[in-house]
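What follows is the residue order along each chain.
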Amino acid sequence: MPATVLMFRRHRVGLIAWSLPLLLMVAITVPSYQSTYPGLAQRAPLVAQMQSTDGMRLLYGILHDPGTLGQLFTWEVGSYVIILACVMALLLGVSTTRGEEETGGLELVRASGVQPMAPLAAAMVLVFTSCVLVGAGSAGILLMQMGSTDELTVEGAVGFGAVTTAASFAVGLTAMLCAQLRGEARGAKSWAFAFLGGAFLMRVLADQAIYDDSWPQWLTTLNWFTPFGWKEVASPYTDDNLWTLAVFALVCGVLLAVVTVLYRAREYSASTLPDRSVSTRGLTVRGVETWGWVSGRSHVLGWWVAVLLVSALFGSMTAGLVQTLRDSEPTRELLERMSAAQGPGAVESSQVAAAGSPAAAALDPTHLLAQFYEFLGLYVAILVAVFGITALTRWRSEEKAGHLDLELTAGTRRWRSLTARSTVAVFSSVALLAASAALMGWLGELQMADDVGAGEAFRQSMTSTFGQVPAVLAGIGLAALLIAVVPRATGAIWAVVAGSGFIQAFGGLVDLPQWALDLSLYAWAPVRGEDWPWAQMILLSVIGVAGIVAAAALVGRRDITTG
Amino acid sequence: MNQRSTPIQVTGLVKTFGSFRALDGVDLMVEKGTVHGFLGPNGAGKSTAVRVLLGLYRATSGQVSVLGLDPGKHPAEVTRNISYIPGDTTLWPNLTGKQVLDVLAGLRGARNKVHEQELMERLSLDPTKKVRSYSTGNRKKVMLVAAFSAPTDLLILDEPTSGLDPLMEQIFQDCVEEAAQAGRTVLLSSHILSEVERLCTDVTIIKDGRVVESGSLAHLQHLAAVQVTIHDDAQTLTTLARTLRGRGIESSSEQHHQASTGLHLQVHRDQLPQVLADVAVAGCTDVTVASASLEDLFLRHYQTDAR
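Small disclaimer: the values here were computed from a predicted structure and weren't measured.

Which parts of the structure should I look at to understand the UniProt feature "domain: ABC transporter" (unreviewed entry) in chain B?
Under the feature "domain: ABC transporter" (unreviewed entry), the UniProt entry names residues 8–233 of chain B. Secondary structure across residues 8–233 of chain B divides into 35% helix and 30% strand, with the first and last C-alpha atoms of the span separated by 54 Å.

Here it is in structure tokens:
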């Protein structure tokens, strides 16, 4: 019991930081669907289009007929909630077991007269609690929302909550299993994430086989074997196969038993599989610039793969989503409010609309495609901004960890050390933005060249996505300045990014005044065929470059602090 | 003072964090080719002073010159010729020992591979393992190899032997002596007094951010009080103690056996002839005179309130 209390005390921030935003996401989804698509009739074209778009099915699975609010929720946001809850359980599962052993915290606990099994039990209780928090919380919210619509059911809410709990707890236990097998938290995490990737792939294959009869039908059974497929098996708000929950509980029970047996069978801090972290390979480092790249390259490569995968996924949906935009006016309006063009372009187009422009213009595929890329460019830009900023703030993390002491006491100039990281951040994020824009443009070209003319999709994608370079630069420049001048407030950069993202995504929906909308870093990407916001683009670029230069000039004036 | 002969010159160094004065006018002179002990209780400000010497902290006021340059203004030029072992050895966990050495040498742009290999063998360090799987002692060894093998003039070692076994501690002491013989200067912060006693020629002791003692070890020992122990019967010792108290010398007595007891005195060196004369008059024959041990010398300063 004391071990459990300690575990909660140590991980309470993570627990709340994960579960609250997930529950918030659940809470806002149904009302926002409701306000955009009040009835099944308005939703019909959207549902039909979503069902036939391969990329959507790949990402979220099967959207069942007739597309009630419950089904729509389970399909789209429900998928995100389950995936994120699984990631939460995975991270907690590793850090409460192998993580605690690695840092030595568990050694103290084990030496304080608690039963050997107590720390593992505490970790399991913590992970289970977090999964229940998300699952039961979601179910509770969905039950409460039944008051405002008759498209939600009790069985559906209970089914979704239980599937979320079971799937995430199963992943948490799998992560703990990896933590028994591997001797280091990092290795255990990478195995657990590989499992998640495999689980996602199995779900994709199974759902494709359900959708397309020409695929081997035995593939559909794969959904039983992947936590991501359990949603389809239990089918909340559609078939409500609540009996399947017993099977999921059994799977969790078996996993729990296996983890317990492996834990009992090994020594403290040992692993079931032998540790192979031995290497005779050297590192070639010629000065701090190469070190900046060498120390950051795995971070860079990981983000590149992830962002390009996301770009490929969304790029592959181009034709389907443009079709949806044409057929569904509510979707069109929603997208317009959530896109980048809050600047002069938006004003101009709304003026045109007010002047009574022909409705045909709004349905022109070139216009629709531009809207789609504007929306996509915004989200890719936010992802890339997060990447660029983390590439730079690693310097501050290195400082806190004491690693920077080693670097700076080996004859390294401080401004060069920081600038090496800013340079990696700038070049790798600008190149990533270009690669992502080109990839989405090329995929759009394959699908849309006949409708909008050769080269148009590519140009639009490059304009809207690569046009976010000034915003990404500005984020990196501000982060550099914070690190150099007020290092303790480095985290404030996330308020800037999240605030800009929020203004951009929801500012239009909640009718924020124009000046507030203009504050967003990401509001100033150009749109092909409209006037470019040159002044703002230049200003953002100047903020970026000046921030990096000023940071280099000022970073030598402060203390290097650890801890 | 010649910069070449005094690699570290610090006068009136003050370092504040908000209202807290971590260093309050510290003076420190380290002569070339010497091993200088830098001592003080926990929280005295040793590591803060070391971070100022390395240019990691900016001095609030005072003059600091390391290898002839101000580390606050030219940290890179200064540290290029310094080997530093931090008190908390946090290395990059995902690199192997060898890769850590590659990185440190690569950043410095200078390396002595032969010396490095020789040190790895002497300290029996397996460089192929990842840092995260090393014990504390092995992490220390990686830093010792990096510090002693780098072609530098000055070594700043902050508790370099914590976590090392006695055999490795011995090898470390040999390395320090070799470095001093080769003309390198060593600033050694340590709590292991026997290590300081064996290695250091000079010592600076700081407490609460101020220097309380500084000079050559021999000189400090000379200045310190002498320990006199007399064994005799209780009556003789009581009379002697009274006589000495008359001269302002306090003594402590202890009961050994029924018959014999002991009397302990801390005597300043110039009072010693007078004390010995009194002892002779009292007719005592069991008398021991010893120089104050370093332990006594240091512990006197270590007794302090927590800060």
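Structure shown, so let's carry the discussion forward.
I tried to follow the side chain of A:Glu445 on my own but got confused; where do I start?
All names here are of chain A. Position of Glu445 relative to the elements: it lies in helix H19 (residues 414–452). Despite its burial, Glu445 remains without a salt bridge, the nearest opposite charge being carried by Arg459 at 7.2 Å. In contact with Glu445, other than residues within four places in its own chain, are Gly453, Ala454, Gly455, Glu456, Ala457 and Phe458.

Could you clarify how one ought to interpret helix H2 (residues 40–52) of chain A in this entry?
Given 3.6 residues to a turn, an α-helix orients residues that are three or four positions apart in the same direction. For H2(A), which comprises 13 residues, the first-to-last C-alpha distance of 18 Å matches the rise-based estimate of 18 Å (1.5 Å per residue) to within 8%. The secondary structure elements touched by the buried residues of H2(A) are helix H3 (54–60), helix H4 (69–75), helix H13 (318–327) and helix H14 (329–337) of chain A.

Sorry, what's going on with the packing of aromatic side chains here?
One pair of aromatic rings is described through two measures. These are the centre distance and the angle between the planes. Residue and element names in this part refer to chain A. Here the structure, examined in full by the defined rule, presents 15 aromatic pairs over all chains. Pairing Phe73 with Phe160 gives two aromatic rings, centres 5.0 Å apart and planes at 75°, and the pair type is edge-to-face. Of this pair, Phe73 sits in helix H4 while Phe160 sits in helix H8 (residues 154–181); the two residues are 87 residues apart in sequence, bridging distant segments of the chain. Here Trp224 and Phe248 contribute two aromatic rings whose centre-to-centre distance is 6.4 Å and whose plane-to-plane angle is 55°, an arrangement assigned as tilted. With a gap of 24 residues between them, Trp224 in the loop between helix H9 (185–211) and helix H10 (230–234) and Phe248 in helix H11 (residues 244–265) connect regions that are remote in the sequence. A relative accessible area of 0% places Phe248 in the buried class. Among the aromatic side chains, those forming a connected cluster through ring pairs are Trp224, Trp230, Trp243 and Phe248.

Teacher, can you tell me more about the confidence of the model for chain A here?
Fine structural detail should not be taken from predicted coordinates in areas where pLDDT scores are low. With 95% of its residues at a pLDDT of 70 or more, chain A shows a mean pLDDT of 88. This model gives residues 342–356 of chain A a pLDDT under 50, and the stretch forms 14 contacts once residues within four places in sequence are excluded.

Explanation requested: unusual backbone geometry in the structure shown.
Leaving glycine out, the prevailing phi sign among residues is negative, and the prevailing peptide bond configuration is trans. Here A:Asp65 and A:Pro66 are connected by a cis peptide whose omega angle stands at 0°. Non-glycine residue B:Ser124 carries a positive phi angle of around 40°. One non-glycine residue, B:Asp208, adopts positive backbone phi at about 50°. Within the secondary structure layout, B:Asp208 lies in the loop between strand E8 (202–207) and strand E9 (210–216).

Teacher, can you tell me more about the nonpolar core here?
Across soluble globular proteins, you tend to see nonpolar side chains buried next to one another. Within the largest apolar cluster, 158 residues are counted, with the highest numbers of intra-cluster contacts made by B:Leu53 and B:Ile156. With residues up to four places along the chain from it excluded, the contact list for B:Leu53 reads B:Ile8, B:Val10, B:Leu28, B:Val64, B:Val66, B:Pro71, B:Val78, B:Ile156 and B:Leu187. If you look at the next biggest cluster of nonpolar residues, it comprises 56 residues, including A:Leu283, B:Leu101, B:Ala179 and B:Leu220.

What is the right way to look at the sheet that holds strand E7 (residues 185–189) of chain B in this model?
For sheets, the rule is that strands pair by backbone hydrogen bonds, running either parallel or antiparallel. Residue and element names in this part refer to chain B. Taken together, the six strands give an open sheet; going across it, the order is E5-E6-E7-E3-E8-E9, and neighbouring strands pair in mixed fashion. The open sheet has two edge strands with one neighbour each: strand E5 (82–85) and E9. Put simply, the sheet's adjacent strands are angled 15° from each other on average, direction ignored. Pairing of strand E3 (residues 35–39) with E8, which is carried by four bridges, proceeds in the parallel orientation. Looking across to E8, one finds that Leu39 is bridged to Ile205.

In this structure, what is going on with empty space enclosed by the protein? I would like to understand it.
Enumeration over the complete set of coordinates arrives at eight cavities of 30 Å³ or more. The calculated volume of the largest cavity comes to roughly 180 Å³. What lines the largest cavity is a set of 18 residues, among which B:Leu104, B:Arg108, B:Ala146, B:Ala147 and B:Ala150 lie closest to the centre. Of all the elements in the fold, those that place two or more residues in the lining of the largest cavity are E5, helix H3 (97–108) and helix H5 (136–149) of chain B. Looking at side-chain class alone, the lining of the largest cavity contains 11 nonpolar, four polar and three charged residues. Estimates place the volume of the second largest cavity at around 90 Å³. Counting residues per element, the lining of the second largest cavity draws most heavily on H4(A), which supplies three residues. Partitioned by chemical class, the residues of the lining of the second largest cavity number four nonpolar, five polar and two charged.

Please explain helix H11 (residues 294–302) of chain B as it appears in this structure.
Residues and elements named next belong to chain B. Every buried residue belonging to H11 is among Leu294, Leu297, Phe298 and His301, and all of these are buried. Viewed along the axis of H11, the buried residues span an arc of 85°, placing them on a single side of the element. Of the surrounding elements, those touching the buried residues of H11 are E3, helix H7 (193–199), E8, E9 and helix H8 (217–223).

What's the story with the environment of B:Ala218 in this structure? I'm lost.
All names here are of chain B. As for its position among the elements, Ala218 is in helix H8. On the basis of relative accessibility, which here comes to 55%, the residue Ala218 falls in the exposed class. Residues Ala218 and Thr128, 90 residues apart in the sequence, show an inter-C-alpha distance of 44 Å.

Before we go on, may I ask you to explain the confidence of the model for chain B in this structure?
On average, residues of chain B score 87 in pLDDT, and 94% of them are at 70 or above. The weakest mean pLDDT in chain B belongs to strand E11 (residues 251–255) of chain B at 66; the strongest belongs to strand E4 (residues 61–66) of chain B at 96.

I would appreciate a short explanation of the packing of helix H4 (residues 113–122) of chain B against H5(B) in the present structure.
In helix packing, the relevant descriptors are the interaxial angle and the interaxial distance, both defined with respect to the helix axes. Residue and element names in this part refer to chain B. Taken N-terminus to C-terminus, the directions of H4 and H5 make an angle of 145°; their axes are 9 Å apart at the nearest point. Like other packed secondary-structure pairs, H4 and H5 cross with a definite hand, here right-handed. Of H5, the residues touching H4 (which contributes His115, Glu116, Leu119 and Met120) are Val145, Phe148 and Ser149.

When you look at the domain arrangement of chain A in this model, what are you seeing that I'm missing?
Size of an interface, as often reported, equals the accessible area lost when the parts are brought together. All names here are of chain A. Its domain assignment divides chain A into domain 1 (2–265) and domain 2 (287–347 + 356–557). Relative placement of domain 1 and domain 2: their C-alpha centres are 30 Å apart. Contacts between the two partners involve 12 residues from domain 1 and, on the opposite side, 14 residues from domain 2. Interface area for domain 1 against domain 2, summed over the two sides, is near 1,100 Å², with a carbon-plus-sulfur share of 76%. Sorting the residues of domain 1 by area buried against domain 2 places Thr36, Tyr37 and Gln49 first, and these three jointly supply 35% of that buried surface. For the pair domain 1 and domain 2, the number of links is zero salt bridges. Our enumeration of links across domain 1 and domain 2 arrives at one residue pair in polar contact (both at pLDDT 80 or more). Elements with a contribution of two residues or more to the side of domain 1 that touches domain 2: helix H1 (2–36), H2 and H3. Grouping the amino acids of the side of domain 1 that touches domain 2 by side-chain chemistry returns eight nonpolar, four polar and no charged.

What is the right way to look at the sheet that holds strand E2 (residues 20–30) of chain B in this model?
All names here are of chain B. On the basis of which strands lie adjacent, the open sheet formed by three strands has the order E2-E1-E4 and antiparallel pairing. Looking at which strands have only one partner, the edges of the open sheet turn out to be E2 and E4. For this sheet, the mean inter-axis angle between neighbouring strands, taken without regard to orientation, is 25°. Bridge count for strand E1 (residues 8–17) against E4 is five bridges, and the pairing is antiparallel. Each bridged residue has a counterpart across the sheet, and for Thr11 the counterpart in E4 is Gln63.

Quick question: what am I supposed to make of the pattern of salt bridges here?
Opposite charge on two side chains allows them to pair when their charged atoms are near. Residue and element names in this part refer to chain A. Tallied over the full model, the rule gives 25 salt bridges over all chains. When the shortest N-O distance is used, the salt bridge between Glu101 and Arg98 registers 3.6 Å. Of the two residues, Glu101 and Arg98 are both situated in helix H5 (residues 77–103); the distance of three residues between them amounts to about one turn of the helix. The same class applies to Glu101 as to Arg98, namely buried. Ionic pairing is found between Glu101 and Arg266, a salt bridge with its closest N-O pair at 2.8 Å.

Thresholds applied
Residues numbered from 1 in each chain as written. Chains lettered and ligands numbered in written order. Predicted model: local features only at pLDDT ≥ 70, side-chain atom pairs only at ≥ 80, totals over all residues. Heavy atoms only, no water. UniProt positions renumbered as here; feature names shortened; annotations may be inferred. Helix = DSSP H or I, 4+ residues; strand = E, 2+ residues; numbered from the N terminus. Buried < 20%, exposed > 50% of the residue type's maximum accessible area, 1.4 Å probe, protein only. Lys, Arg positive; Asp, Glu negative; His and termini not counted. Salt bridge = Lys/Arg side-chain N within 4 Å of Asp/Glu carboxyl O. Contact = heavy atoms within 4.5 Å. Expected span 1.5 Å × (residues − 1). Phe/Tyr/Trp six-rings, centres within 6.5 Å; stacked < 30°, edge-to-face > 60°. pLDDT = per-residue confidence, 0-100. Core = buried A, V, L, I, M, F, W, Y, C linked by side-chain atoms within 4.5 Å. Pairing = 2+ DSSP bridges. Axes fitted to C-alpha atoms, helices over the stretch in contact; angles between N-to-C directions. 1 Å grid on protein atoms, 1.4 Å probe; cavity = no way out; pocket = protein on both sides within 12 Å on 5 of 7 lines; lining within 4 Å. Points joined across faces, edges and corners; volume = space filled by probe spheres on them. Nonpolar A, V, L, I, M, F, W, Y, C, P; charged D, E, K, R; others polar. Arc of directions from axis to C-beta. Left-handed = near helix turned anticlockwise from the far one by under 90°. Domains from an automatic or database assignment. Buried area = accessible area lost by both parts, 1.4 Å probe. Polar contact = N/O pair within 3.5 Å; in protein donor to acceptor, adjacent residues only side chain to side chain.

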